[in-house]
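# Summary of structural features
So the chains spell out like this:
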Amino acid sequence: MVLIAAGALLLSLFLQDAYLRSVLNVMAISALLATSLRFVMLMGELNFALAAFTGIGAYCAGYLNTALDVPFGIGVLLAGLVAALASAAFGAITLRAKGPYFLLIGFAFTEAVRVAYSKFGALGGTSGMVGIFPARALDDWMPFIVMCVVVVLLVAFYIAEHSDFGRILFAIRENEDVARSVGINTYLCKVIAISGACFAAGVAGGLHAFVNNVISPGDFSYLLAAFALAYVKVGGEGYFLGPIVGAVLLVALSSYALGLGGDEHFLYGGAIIIAVLLMPKGVLGAAGYLRSRGTSAKRRVDANAH
């Protein structure tokens, strides 16, 4: 994982092509969103409200920058904090519901928030917000800065998943009643988990705003969460690197498919369907299976040789 992070940072630092730099930014932000979605999935819940909190972060950063001239770093940090606080309130109210009920609440909340953006003139209404720029001195460094922020948050997710708190989330997913019976405040743990995940989503939204310089309500529909789920499933839900691999592969495929005109949706959708059907454990799961088969075959050959 250290080598992957180092390679990504070096690539973001030395890549010069403007289009490829923009694709790399999308890959990094998408990987962060997918990882934050998977973090909540560790406790057995699917947080489709992720898109709403990404939008809250983006609009927070955009408003602070355009209306109050707040600089990039502070704007992105405040975007994450506002999203975390909002998600804590959301989780405290909704996490009594479970499974499909929680998913539907998240879906409805996302659409309600998306419509709300268009009702406020201060947020640009249906046209969105424009002119969200970092300091000019940061322009050439933006891919590297975005990648640094994403890598730091991904490392934080990795540490959290492999900590005692991560084991509590696994226990909640397996049997919440048993976890509660041994004295674990499962409700509080779930609120903390969704708040941490949505802090990262808010930061991702802030990065999205500054990288694209313009945002609109349509950027933060439920489809954003659906794409994040696709990244998780294609890469491999059972692996920490799964969402990252899925985001890189699907964003790369999407960038290629843009040149196909109307056929891009068929290629992109077809790739997701084929990947999910043929590789139910994702790309990393399939790679692990092939590696184990190759190891077993090598052992048989060695045994026969002796």
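In this report, the structure presented in the accompanying data block is examined. (Residues numbered from 1 in each chain as written. Predicted model: local features only at pLDDT ≥ 70, side-chain atom pairs only at ≥ 80, totals over all residues. Heavy atoms only, no water.)

### Some points on the state of the cysteines
With the rule as written, the count across this model stands at 0 disulfides. Of all cysteine sulfurs in the structure, the one in Cys198 sits closest to Cys189, which takes part in no disulfide; the separation is 16 Å. Counting only cysteine sulfurs, Cys60 is the nearest neighbor of Cys198, a cysteine outside any disulfide, at a range of 14 Å. (Disulfide = S-S within 2.5 Å.)

### Structural notes on a nonpolar patch on the surface
On the surface, Met1, Val155, Tyr158 and Ile159 cluster together to form a nonpolar patch covering roughly 350 Å² of accessible area. Mapped onto the fold, Met1 is located in the segment before α1 (2-14). Assessed through its relative accessible area of 40%, Met1 is described here as partly exposed. (Patch = residues over 30% accessible without salt bridge, like charges linked within 9 Å, V, L, I, M, F, W, Y side chains within 5 Å. Areas by Shrake-Rupley, 256 points an atom, 1.4 Å probe, with all protein chains shown as cover. Salt bridge = Lys/Arg side-chain N within 4 Å of Asp/Glu carboxyl O. Helix = DSSP H or I, 4+ residues; strand = E, 2+ residues; numbered from the N terminus. Buried < 20%, exposed > 50% of the residue type's maximum accessible area, 1.4 Å probe, protein only.)

### Remarks on the environment of Gly242
Looking at the element boundaries, Gly242 is found in helix α11 (residues 242-257). Judged by its relative accessible area of 0%, Gly242 falls in the buried class. Expressed as a C-alpha distance, the spacing of Gly242 and Ala271, which sit 29 residues apart in the sequence, is 16 Å. Here Gly242 is in contact with Tyr231, Gly235, Gly236 and Leu284, once residues within four sequence places are set aside. (Contact = heavy atoms within 4.5 Å.)

### Quick look at the packing of aromatic side chains
One pass over the structure, following the stated rule, counts 12 aromatic pairs. Each ring, one from Phe53 and one from Phe109, has its centre 5.5 Å from the other, and the planes form 35°; the classification is tilted. Of this pair, Phe53 sits in helix α3 (residues 50-68) while Phe109 sits in helix α5 (residues 100-117), and the two are 56 residues apart along the sequence. A relative accessible area of 0% places Phe53 in the buried class. One aromatic cluster is present, built from ring pairs that chain together Phe53, Phe90, Phe102 and Phe109. (Phe/Tyr/Trp six-rings, centres within 6.5 Å; stacked < 30°, edge-to-face > 60°.)

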